[in-house]
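Spelled out, the chains give:
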Amino acid sequence: MREEEIEKLRGLVRDCVSKHLYSSAIFFADKIAALTNDPTGVYMQAQALFLGRHYRRPFHLLNASKIVLRDLRFRYLAGGTEGVGLVFVDAR
């Protein structure tokens, strides 16, 4: 896919997140992560999953891709998903 088409998809994900359409944001972020091998796509997918209250999925996505070791923002998101997920599971 061309870079400008990927940028349109990224804009679409940002637009969906700003409108609280997290299911749509997850769908399009998954397409970006699958089409590109860019860590930003994986981060965008993990962030959309977290905002959509899928707390375990972004944690496993970030750990499986070994992306957590590269950048502080990935570690912050992984730590947030793990902490919220544990509190949420314990509350049941």
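Presented here is a report on the structure given in the accompanying data block.

The rules behind the values
- Residues numbered from 1 in each chain as written.
- Predicted model: local features only at pLDDT ≥ 70, side-chain atom pairs only at ≥ 80, totals over all residues.
- Heavy atoms only, no water.
- Helix = DSSP H or I, 4+ residues; strand = E, 2+ residues; numbered from the N terminus.
- Buried < 20%, exposed > 50% of the residue type's maximum accessible area, 1.4 Å probe, protein only.
- Salt bridge = Lys/Arg side-chain N within 4 Å of Asp/Glu carboxyl O.
- Expected span 1.5 Å × (residues − 1).
- Arc of directions from axis to C-beta.
- Contact = heavy atoms within 4.5 Å.

### Re unusual backbone geometry
Okay, step 1: Notably, His-20 is not glycine yet its phi reads approximately 60 degrees, a positive angle.
Okay, step 2: Among the structural elements, His-20 can be located in the loop between helix H1 (3–18) and helix H2 (22–35).
Okay, step 3: Residue His-20 is classed as exposed on the basis of its relative accessible area, which comes to 56%.
Okay, step 4: Here Arg-53, not a glycine, exhibits a phi torsion of approximately 65 degrees, which is positive.
Okay, step 5: Of note, Arg-53 is situated in the loop between helix H3 (39–51) and helix H4 (56–64).

### Re the pattern of salt bridges
Okay, step 1: The final tally for this structure, using the stated rule, is seven salt bridges.
Okay, step 2: Of the charged contacts, one joins Arg-10 and Glu-7 as a salt bridge, the two residues approaching to 2.7 Å between their closest N and O atoms. Of this pair, Arg-10 and Glu-7 both sit in helix H1, separated by three residues, roughly a single helical turn.
Okay, step 3: Owing to a relative accessible area of 8%, Arg-10 belongs among the buried residues under this scheme.
Okay, step 4: Note on Glu-7: relative accessible area 37%, which makes it partly exposed.
Okay, step 5: In the salt-bridge network here, residues are joined through shared partners; they are Glu-3, Glu-7, Arg-10 and Asp-38.

### Digging into H2
Okay, step 1: Over its 14 residues, H2 runs 20 Å from end to end, which matches the ideal 20 Å to within 8%, given 1.5 Å per residue.
Okay, step 2: All of the buried residues in H2 are Ala-25, Ile-26, Ala-29, Ile-32 and Ala-33. Projected onto a plane normal to the axis of H2, the buried residues spread over an arc of 125 degrees and lie on a single side. In H2, the exposed residues that point more than 90 degrees away from the buried face are Ser-23 and Ala-34.
Okay, step 3: For H2, the secondary structure elements touched by its buried residues are H1 and H3.

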